[in-house]
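# Breakdown of the fold
Spelled out from the first residue to the last, the chains are:
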Amino acid sequence: MGMGRDDKGPHRRRGDGDARRAGAVRRVVGGCTGRSRALSRIAIAVCVFAAAAAAMPSLAMAAPMTLEAPEPRPVEIPADGSARMDGVAFGINGFERLAKGTARAAQGAPEGYRFPISDAAGLVVVRTPDEVLLHVDRAVAAQFALEGPDAAELSALWSMTCALDEAHSMGGAPLSEGEVPIRLVVDSECAAGSLRYRFDARGDDGSRYVTVTLENAEAGADGLEAARAAGVDLGDGVLWCDFAEIVDAGSVVAEDDPGVGGEALAFLSSVDYRPFWVSLKTSGLALAISFALGLFAAWRVMGASSRLKGVLDSVFTIPMVLPPTVCGFLLLMLFGQSTGVGRWLIAHGVSIVFTWEAAVVSAVVVSFPLVYRTALGAFESLDGRMIDAARTLGWSETRIFRRLMMPLAWPSIAAGTVLAFARAMGEFGCTLFFAGNYAGVTQTIPIAIYFEWMGGDTAVALFWVMTVIAFSFLVVWGINAYTARHQGYRDGAPVRTGARGRARRGLRARAADAIETRAATGMGSGATAVFDDLEPTGGDAVGIDLPALRELFEDGAA
């Protein structure tokens, strides 16, 4: 037993020594490992600090910053879209303000809500609901010392931009209105909230756009689809967009003052008049179709039973009370791929959607009810006994319509026809929905007004607005003049001048003298001048002295 204990003792002591040596090794190794970890942490911190220091300029440029109030130096605008300031090395050329963009898919155009801008634009200003994104091309910013928020020339750039923006706002909110943060951006894109703004998006043909997409959306075909899937309206992310070219002060465009006449001539020579001719030929053909269909429909509805008449009248009148966009949508559904009628027409080579024929159909739909309603009202106001008398004389219905109803109802029909022409010429919603906007083909004046304003060319839009107002005034004035002339003729007023008018007045005077002569010779002696109570039938009607006429017949009988 003792030997066993003695044998175990040395073995236990040797094992304890080994354990102590192993623990020492572990402590040494652990110390080395801890120092390595500390050194690694220090190295990582140094790298992060170095990267942050390197990124500080770009972070400073991307961070929102508020420009100080511009110095009270006047901004000179030597020409439309150009600006410069005294003592500043640069100026602005080709400034434009785009009030609206589009998210409509187009072949070759980048996805997202986009604004087309000039390829040479070194300055792009995007007014968002929360801030102003002031994008300056990096090369331009370096050239004119616009690289930092403390750059001395940023105040001058902001002053010129605000002055030109206000000149192009046309009543809209100016860029300088309100106190919003201004972010200076020199990169080609930036993120703001959940949206990403790209200032150099390119189409397939090289055209340049400013686009708005979701912040995490890839540039390209997925941008718009991602926004739709997320239920985001990209158009809400931008109120308007300005762009211009930043040039040397000596290159700022300056125009000589051509005077009011010269400016007007230059403007009129630059206007594209194709919308006027498209509107004119579209409205003219639509009026001819609406006139024929409206008269025929009114004539046939008059002879229909009361129940059928109510149904037909509702069908023919409803385009006048429906919103034009509803009419355009229904036409698009009818003649497009959505219905059997449209597919059958397309299969047989008849494609109407987005063509000039579609513009004519749209104008007919909206102008037809005016011709129909005025013609129906005029026909219903005619004396039914007169029409029945014509039937007893053996007149056919066609002859009654052509020789009796049309001449008597023509003033009202003419007024309705002119109004229908004006309505066809001013049609917008139905034509845009069904025929689209194709310059020289389906772009009428109202469509040109909308897209010129949306594209920032408010001067041309205002020109077309004044043209439509003047045309509408002439239409209303013509209707009033025609109605007054016709009413004056019915009331017996002298409506003609010149030799024929004097001849007619002389004829009436001689007729009155003849009646007085008969009274003076005894044919009408002792009788007071009592005339019949019939309504005058025209300007040449002469009153009849009934007592004198009765005495004349009695003397003849004797």
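Residues numbered from 1 in each chain as written. Predicted model: local features only at pLDDT ≥ 70, side-chain atom pairs only at ≥ 80, totals over all residues. Heavy atoms only, no water.

### Describing the overall build of the protein chain
Helix and strand counts for the protein chain stand at 17 helices and 10 strands. Counting over 558 residues, the protein chain shows a buried share of 35%. Sequence separation of 24 or more characterises 68% of the internal contacts of the protein chain that already satisfy a separation of 6 or more. For the protein chain, the accessible surface area stands at approximately 31900 Å², while carbon and sulfur atoms represent 60% of it. (Helix = DSSP H or I, 4+ residues; strand = E, 2+ residues; numbered from the N terminus. Buried < 20%, exposed > 50% of the residue type's maximum accessible area, 1.4 Å probe, protein only. Contact = heavy atoms within 4.5 Å. Areas by Shrake-Rupley, 256 points an atom, 1.4 Å probe, with all protein chains shown as cover.)

### Points about the environment of Ala420
Note that Ala420 resides in helix H12 (residues 397–425). The exposure class assigned to Ala420 is buried, which follows from its relative accessible area of 0%. Excluding residues within four positions of it along the chain, Ala420 makes contact with Leu287, Ser367, Leu370 and Val371.

### Considerations on the pattern of salt bridges
Applying the stated rule across the entire model yields 17 salt bridges. For the salt bridge of Lys309 with Glu380, the shortest nitrogen-to-oxygen distance reads 2.6 Å. Residue Lys309 is located in helix H7 (residues 306–321), and its partner Glu380 is located in helix H10 (residues 356–380); the two are separated by 71 residues in the primary sequence. For Lys309, a relative accessible area of 25% puts it in the partly exposed group. Judged by its relative accessible area of 42%, Glu380 falls in the partly exposed class. Here Arg391 ties to Asp388 by a salt bridge, and the two come within 2.9 Å at their closest N and O atoms. You can see Arg391 and its partner Asp388 sitting in helix H11 (residues 384–392), three residues apart, about one turn around the helix. In this structure Arg391 comes out as partly exposed when scored by relative accessible area, which is 38%. (Salt bridge = Lys/Arg side-chain N within 4 Å of Asp/Glu carboxyl O.)

### Let's talk about unusual backbone geometry
Unusually for a residue other than glycine, Ala145 sits at a positive phi of about 55°. Within the secondary structure, Ala145 is located in the loop between helix H2 (138–143) and helix H3 (154–167). With a relative accessible area of 45%, Ala145 lands in the partly exposed category.

### A look at the environment of Asp205
Within the element layout of this structure, Asp205 appears in the loop between strand S8 (195–202) and strand S9 (208–214). When its relative accessible area of 62% is taken as the criterion, Asp205 is described as exposed. Sequence separation of Asp205 and Ala109 is 96 residues, and the distance between their C-alpha atoms is 8.3 Å. A polar side-chain atom of Asp205 sits 3.0 Å from a polar atom in the side chain of Ser207. (Polar contact = N/O pair within 3.5 Å; in protein donor to acceptor, adjacent residues only side chain to side chain.)

### What to know about the nonpolar core
Phe90, Ile92, Leu123, Val136, Leu146, Leu157 and Ile246 are the most contacted members of the largest nonpolar core, which has 29 residues in total. Residues in contact with Ile92, not counting those within four places in the same chain, are Gly81, Ser82, Ala83, Leu123, Leu157, Met160, Thr161, Leu164, Ala244, Glu245 and Val252. Tyr113, Ala121, Leu234 and Val238 belong to the second-largest nonpolar core, a separate cluster that totals 24 residues. (Core = buried A, V, L, I, M, F, W, Y, C linked by side-chain atoms within 4.5 Å.)

### Overview of the sheet that holds S8
The four strands are arranged S3-S9-S8-S7 in an open sheet whose pairing can be described as antiparallel. Either end of the sheet is taken by a strand with one partner, and the two such strands are strand S3 (113–117) and strand S7 (189–192). Geometrically, the sheet is characterised by an average inter-axis angle of 20° between neighbouring strands, direction not taken into account. In this structure, S8 lies alongside S9, joined through six bridges in antiparallel fashion. (Pairing = 2+ DSSP bridges. Axes fitted to C-alpha atoms, helices over the stretch in contact; angles between N-to-C directions.)

### Looking at the pairing of strand S6 (residues 182–185)
Here S6 shows two buried faces, one formed by Ile182 and Leu184 and the other by Arg183 and Val185. Bridging between strand S5 (residues 132–136) and S6 involves four bridges; their strand directions are parallel. If you follow His135 over to S6, its bridge partner there is Val185.

### Points about the packing of aromatic side chains
Under the definition given, this model contains 20 aromatic pairs. Between Phe379 and Phe401, the ring centres sit 5.7 Å apart and the planes meet at 70°, which makes this aromatic pair edge-to-face. One end of the pair, Phe379, is in helix H10; the other, Phe401, is in helix H12, and 22 residues separate them in sequence. Using a relative accessible area of 1% as the deciding quantity, one classes Phe379 as buried. Take Phe401: its relative accessible area is 15%, and that puts it in the buried class. With 5.1 Å between their ring centres and 85° between their planes, Tyr450 and Phe451 make a pair best called edge-to-face. Among the aromatic side chains, those forming a connected cluster through ring pairs are Phe267, Tyr273, Phe463 and Trp464. A cation sits over an aromatic face here: Arg97 above Trp240, 4.0 Å from the ring centre. (Phe/Tyr/Trp six-rings, centres within 6.5 Å; stacked < 30°, edge-to-face > 60°. Lys NZ or Arg CZ within 6 Å of the ring centre and 35° of its normal.)

### Notes on the side chain of Thr444
The topology assignment puts Thr444 in the loop between helix H13 (429–435) and helix H14 (445–454). Every residue in contact with Thr444, bar those within four places of it in the chain, is listed here: Pro275, Val278, Ser279 and Glu427.

### Some remarks on the confidence of the model for the protein chain
Residues of the protein chain with pLDDT of at least 70 account for 71%, and the chain-wide mean is 77. pLDDT under 50 marks residues 24–33. Its contacts with residues more than four places away, or in other chains, come to zero contacts. (pLDDT = per-residue confidence, 0-100.)

### Some thoughts on the packing of helix H6 (residues 274–302) against H10
Between H6 and H10, the shortest axis-to-axis distance is 6 Å and the interhelical angle comes to 40°. When the axes of H6 and H10 are compared, the pair comes out oblique. Crossing hand, H6 versus H10: right-handed. The residue inventory of the contact of H6 with H10, partitioned by class, reads 23 nonpolar, four polar and two charged. (Parallel < 35°, antiparallel > 145°, perpendicular 65-115°, else oblique. Left-handed = near helix turned anticlockwise from the far one by under 90°. Nonpolar A, V, L, I, M, F, W, Y, C, P; charged D, E, K, R; others polar.)

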